[in-house]
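# Summary of structural features
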4 protein chains.
Amino acid sequence: MNVTIDLSVVPIGVGVSLSEYVAACERVLSEAGLSHTLHAFGTNIEGEWDEVFAAVKECHEVVHQMGAPRVHSTLRVGTRIDREQTLDEKIRSVEKKI
Amino acid sequence: MNVTIDLSVVPIGVGVSLSEYVAACERVLSEAGLSHTLHAFGTNIEGEWDEVFAAVKECHEVVHQMGAPRVHSTLRVGTRIDREQTLDEKIRSVEKKI
Amino acid sequence: MNVTIDLSVVPIGVGVSLSEYVAACERVLSEAGLSHTLHAFGTNIEGEWDEVFAAVKECHEVVHQMGAPRVHSTLRVGTRIDREQTLDEKIRSVEKKI
Amino acid sequence: MNVTIDLSVVPIGVGVSLSEYVAACERVLSEAGLSHTLHAFGTNIEGEWDEVFAAVKECHEVVHQMGAPRVHSTLRVGTRIDREQTLDEKIRSVEKKI
């Protein structure tokens, strides 16, 4: 089952600057070979369900290894069985109707 | 790694009444043996990471099997390595300070 | 327009113990006279749109006044024009189908 | 108080194609003069708190007027009092550390 998700990772207990933790998570996604796009509040990711969620788990693990005692993330998760739809197609579908 | 999550599942393309789909997801969680508590906007779940996310995947699969062409879910996900904390402890920790 | 929301407030830059901030937010909701129910990952709130969102803003303000340099909150927001539905009805509607 | 938010609007009860509703919401944001950027799972918005949340409310109203009996949206909301930070700065801050 393919899935598209939007992931936002917030380390807690490491002060106010979170960008190095988010960057580490981006590297996890790249090394996993997953298509992903960063935005100002998270990252859009697409791929096979198990691969995508293995990467989410690894993000939590890596951010803990960097010293964060708590990690709070939020996800939007979309699956559909009527047809395939990539992240790019989702955006274009809206943009042509604006 | 233990995890606590808050899961909200929204089937798309099946009309406005969503409760039977949410109920099916509750049954998935019960059959998985996961501790979980329903609230008006989702379900708090706690357990071992892989078991919890296997149940989230099964929720999506079951809701599709019931006829939903699209499923949109949102999750809050919490992990901590400083100490164990159950869902009940999270609530009590706030309530005694109100 | 009535609205039901699920609000989770995460102060950033104040260490790992967040419960006193969440408790302060609960007091804001009580003082605003809004019906609300705490769960382990947030708070369900119902009321008139402008009153509910005024309280969300006040939560952010109060948590900043308590010393948090950053506040990250997540909300699920539901409106419907087909009929009225309280938070309690949303839960019962699922529970009777489990 | 300035705020940055990430808004995802999901109309319920209008079938599986949601892009025209999201597009209508984008037009609301443009007409409100708010800086905003569409991604595959939502829209990043920045501005003064009251103006941003007035636009969120108008999105719900417009989507209902287009025929959606229910609207379910999810928001991430960020405020900070230590310094100003635009949406662009948030992205660049991560990108230079990847």
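Structural data are supplied above this passage.
Residues numbered from 1 in each chain as written. Chains lettered and ligands numbered in written order. Predicted model: local features only at pLDDT ≥ 70, side-chain atom pairs only at ≥ 80, totals over all residues. Heavy atoms only, no water.

## Thoughts on the sheet that holds strand E2 (residues 35-39) of chain B
Rules: Two strands are said to pair when DSSP picks up at least two bridges between them. Strands are runs of DSSP state E lasting at least two residues, helices are runs of H or I lasting at least four, and both sets are numbered from the N terminus onward. To get an axis, fit a line to the C-alpha atoms, keeping to the stretch in contact for a helix; angles then go from 0 to 180 degrees between the N-to-C directions. In this description, contact between two residues means that some pair of their heavy atoms is separated by no more than 4.5 Å.
The sheet built from eight strands is open, its strands ordered E2(A)-E3(A)-E1(A)-E4(A)-E4(B)-E1(B)-E3(B)-E2(B) with antiparallel pairing. Every interior strand has two partners, whereas the edge strands, strand E2 (35-39) of chain A together with E2 of chain B, have only one. Averaged over all neighbouring strand pairs, the angle between strand axes comes to 20 degrees, with direction disregarded. Pairing analysis gives five bridges linking E2 of chain B to strand E3 (residues 42-48) of chain B, with the strands arranged antiparallel. Within the sheet, the bridge partner assigned to Ser 35 of chain B lies in E3 of chain B and is Glu 46 of chain B. Against the sheet, helix H1 (residues 19-31) of chain B makes contact with strand E1 (2-12), E2 and E3 of chain B, and its axis sits at roughly 160 degrees relative to E2 of chain B, the strand it touches most.

## Regarding the interface of chain A and chain D
Selection criterion: The term buried area refers to how much accessible surface (probe radius 1.4 Å) is lost by two components on association, counted for both of them together. By definition, a salt bridge exists where a carboxyl oxygen of Asp or Glu is found within 4 Å of a side-chain nitrogen of Lys or Arg. Pairs of N or O atoms are called polar contacts if they sit within 3.5 Å, as long as, within protein, a hydrogen donor faces a hydrogen acceptor (for residues adjacent in sequence, only side-chain-to-side-chain pairs). Here the term charged refers only to Asp, Glu, Lys and Arg, the term nonpolar to Ala, Val, Leu, Ile, Met, Phe, Trp, Tyr, Cys and Pro, and the term polar to all other amino acids, Gly among them.
Facing 33 residues of chain A, the contacting portion of chain D comprises 33 residues. For the pair chain A and chain D, the summed buried surface comes to about 2,500 Å²; carbon and sulfur atoms form 66% of the total. For chain A, the biggest contributors to the area lost against chain D are Ala 40, Phe 41 and Arg 76 of chain A; these three give 30% of the whole. Viewed at the interface, chain D and chain A are joined by two salt bridges. Between Asp 6 of chain D and Arg 76 of chain A there is a salt bridge, and its shortest N-O distance comes to 2.7 Å. Applying the counting rule to chain A against chain D returns 17 residue pairs in polar contact (both at pLDDT 80 or more). Where the side of chain A that touches chain D is concerned, the elements lending two or more residues are strand E1 (2-12), helix H1 (19-31), E2, strand E4 (70-80) and helix H3 (87-95) of chain A. Looking at side-chain class alone, the side of chain A that touches chain D contains 14 nonpolar, nine polar and 10 charged residues.

## Side note on the relation of the copies chain C and chain A
Taken together, a rotation about one axis and a shift along it account for how the two chain copies relate. The cut-off we apply is this: C-alpha atoms of residues with pLDDT of at least 70 in both copies form the basis for the least-squares superposition of the copies.
Between chain C and chain A, the superposition needs a rotation of 180 degrees and an axial shift of 0.0 Å, giving an RMSD of 0.0 Å. Here the two chains are linked by the operation of a two-fold rotation axis. Comparing interface residues between copies, 100% of those in chain C also sit at the interface in chain A, which points to an isologous, same-surface contact.

## What about the relation of the copies chain A and chain D?
Superposing chain A onto chain D takes a rotation of 180 degrees combined with a translation of 0.0 Å along the rotation axis, leaving an RMSD of 0.0 Å. Most of the interface of chain A is mirrored in chain D, where 100% of its interface residues again form contacts.

## A look at the side chain of Asp 6 of chain B
The cut-off we apply is this: Summary of the burial criterion: residues with accessible area below 20% of their type's maximum are buried, those above 50% are exposed, and those between are partly exposed, where the area comes from a 1.4 Å probe applied to protein chains only.
Summarising the element assignment, Asp 6 of chain B is placed in strand E1. Judged by relative accessible area, which is 0%, Asp 6 of chain B ranks as buried. Of the polar contacts made by the side chain of Asp 6 of chain B, one reaches the side chain of His 39 of chain B; its length is 2.8 Å. When residues no more than four places from it in sequence are discounted, the contact partners of Asp 6 of chain B are His 39, Gly 42, Thr 43, Asn 44, Thr 74, Leu 75 and Arg 76 of chain B together with Asp 6, His 39, Phe 41 and Arg 76 of chain C.

## Observations concerning the environment of Ile 5 of chain D
Assignment of secondary structure puts Ile 5 of chain D in strand E1 (residues 2-12). Given the relative accessible area of 0%, Ile 5 of chain D is considered buried. If sequence neighbours within four positions are ignored, Ile 5 of chain D has contacts with Phe 41 of chain A together with Thr 43, Asn 44, Ile 45, Val 52, Phe 53, Val 56, Leu 75, Arg 76 and Val 77 of chain D.

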